[in-house]
Amino acid sequence: MTEAILLVGGKGTRLRPLTVYTPKPMVRAAGVPFLTHQLARARAAGVEHIVLATSYLAEVFEPYFGDGSALGLHIEYVTEEEPLGTGGAIRNVAGRLRSGPDDPVLVFNGDILTGLDIRALVDTHETTGADVSLHLTRVADPRAYGLVPTDGTGRVLAFLEKPQTPEEIVTDQINAGAYVFRRSVIDTIPADRPVSVERETFPDLLAAGAHLQGMVDSTYWLDLGTPAAFVRGSADLVLGRAPSPAVPGRCGDRLVLPTATVAPDAKVTGGTVVGEGAYVAEGARVSGSTILPGAVIEPDAVVIDSLIGARARVGERSVLTGTVIGDGAVVGADNELREGVRVWCDARIPAGAVRFSSDQ
């Protein structure tokens, strides 16, 4: 296996305002764009040629990654004029693949952080002679996912959309968003129209008698589709719970990037990242959070499990828990923001304007 497709065209609507100016795979996790971690892990597994299937804010990717040589890769870019879905995006880049008809092609969704053993998935694909092999993982509550039951040999039996009743939960195995396709199978996906691999391609292949193989790998897996998940994923990368060769520093309780400043008596813990040029002032406490480049955390502010956008500012004594502050936004002093609050890019909250408790 020497090539892969990365699906990075989604708008990341669940992550807004993080994705107003930045495509989801380019939002920073553990100090670098999240896509960097996926590219580095693919390279470590032996992939040499990667095609990025882009759409939303497509112009951002190539200036950052170039031809991929800095990562030891050859990267090409294909932009969808209209969103084509997962299957349509795979088909749309087929002309850039170099593989022979029976060669394996790795396909990744661009918003999954995983410890998947990529080589093991490819080995499973080749030893079973499958047409498509899928990474499956087990989750405690599968109701939000598509279920993928398999037989005793791992062969896929069905694709069941999000179950609505307990009787429909026939397995805890879900589609984890990484696949190996036989190259010739990609050419059978309809061209020039939206196609979902989950709802159309895989069920149709199964109905036609194709061999779809599942491999359960229950190492670290996280869908980074929500702000809370994204913040947790970044912290887990810093803490070493999620594996990546692209973390720019040693794993530990915090990651402070070059040109960032943390006051000596500030407390920065829990896998927090402090980006380039950011400043954490005296007396501030920051835990499990991502502070993007140029952001400022003023004296005695408390930031927990939150993401502070580039050039944003959190005022003195403000307390933020489970919140997202967009790029360039300003939260004035003595505010209190709790779980689920999203402050849009460049917004301004006056001092003491938002509280959930008494100001005494």
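Described in the following lines is the structure provided in the data block.

Conventions and cut-offs
Residues numbered from 1 in each chain as written. Predicted model: local features only at pLDDT ≥ 70, side-chain atom pairs only at ≥ 80, totals over all residues. Heavy atoms only, no water. Helix = DSSP H or I, 4+ residues; strand = E, 2+ residues; numbered from the N terminus. Rg over C-alpha atoms; globule rule 2.2 N^0.38 Å. Buried < 20%, exposed > 50% of the residue type's maximum accessible area, 1.4 Å probe, protein only. Contact = heavy atoms within 4.5 Å. Areas by Shrake-Rupley, 256 points an atom, 1.4 Å probe, with all protein chains shown as cover. Lys, Arg positive; Asp, Glu negative; His and termini not counted. Charge placed at Lys NZ, Arg CZ, Asp CG, Glu CD. Phe/Tyr/Trp six-rings, centres within 6.5 Å; stacked < 30°, edge-to-face > 60°. Salt bridge = Lys/Arg side-chain N within 4 Å of Asp/Glu carboxyl O. Pairing = 2+ DSSP bridges. Axes fitted to C-alpha atoms, helices over the stretch in contact; angles between N-to-C directions.

With that settled, the discussion passes to the overall build of the protein chain. The helix and strand inventory of the protein chain stands at 7 helices and 28 strands. The C-alpha atoms of the protein chain give a radius of gyration of 22 Å, which matches the 21 Å a tight globule of 360 residues would have. Seen along its three principal axes, the alpha-carbon backbone of the protein chain occupies a region of about 70 × 50 × 35 Å. Counting every position in the protein chain, which comprises 360 residues, the buried fraction comes to 56%. Nonlocal contacts in the protein chain, meaning residues at least 24 apart in sequence, comprise 52% of its contacts between residues at least 6 apart. Summed over all atoms, the accessible surface of the protein chain reaches about 14900 Å², with 49% contributed by carbon and sulfur. Counting 32 positive and 44 negative side-chain charges, the protein chain places the averaged centre of each group 3 Å from the other.

Overall, the coordinates contain 7 aromatic pairs when judged by the stated rule. Pairing Phe34 with Phe230 gives two aromatic rings, centres 6.4 Å apart and planes at 65°, and the pair type is edge-to-face. Taken together, the residues span a long stretch of sequence, with Phe34 in helix α1 (residues 34-44) and Phe230 in helix α7 (residues 227-239) at a distance of 196 residues. On the accessibility criterion, Phe230 (1% relative accessible area) is buried. One aromatic cluster is present, formed by Phe159, Tyr179, Phe181 and Phe202 through successive ring pairs.

Once that is clear, we can look at the pattern of salt bridges. Under the criterion given, the structure shown has 15 salt bridges. Between Arg193 and Glu200 there is a salt bridge, with its nearest N and O atoms 2.6 Å apart. For Arg193, a relative accessible area of 33% translates into the label partly exposed.

Here the focus is the sheet that holds strand β18 (residues 290-291). By way of backbone hydrogen bonds, the strands of a sheet pair with one another, either parallel or antiparallel. Strands sit in the order β12-β15-β18-β21-β24-β27 across an open sheet of 6 strands; the sheet is parallel. The sheet is open, and its two edges are formed by β12 (254-256) and β27 (342-343), each paired on a single side. Of the strand pairs in this sheet, strand β15 (residues 272-274) and β18 are connected by 2 bridges, and their pairing is parallel. Counterpart to Val274 in the pairing with β18 is Ile291. Seen against the sheet, α7 touches β12, β15, β18, β21 (307-308), β24 (324-325) and β27 and runs at an angle of roughly 85° to β15.

Purely spatial values, then, with no claim about function.
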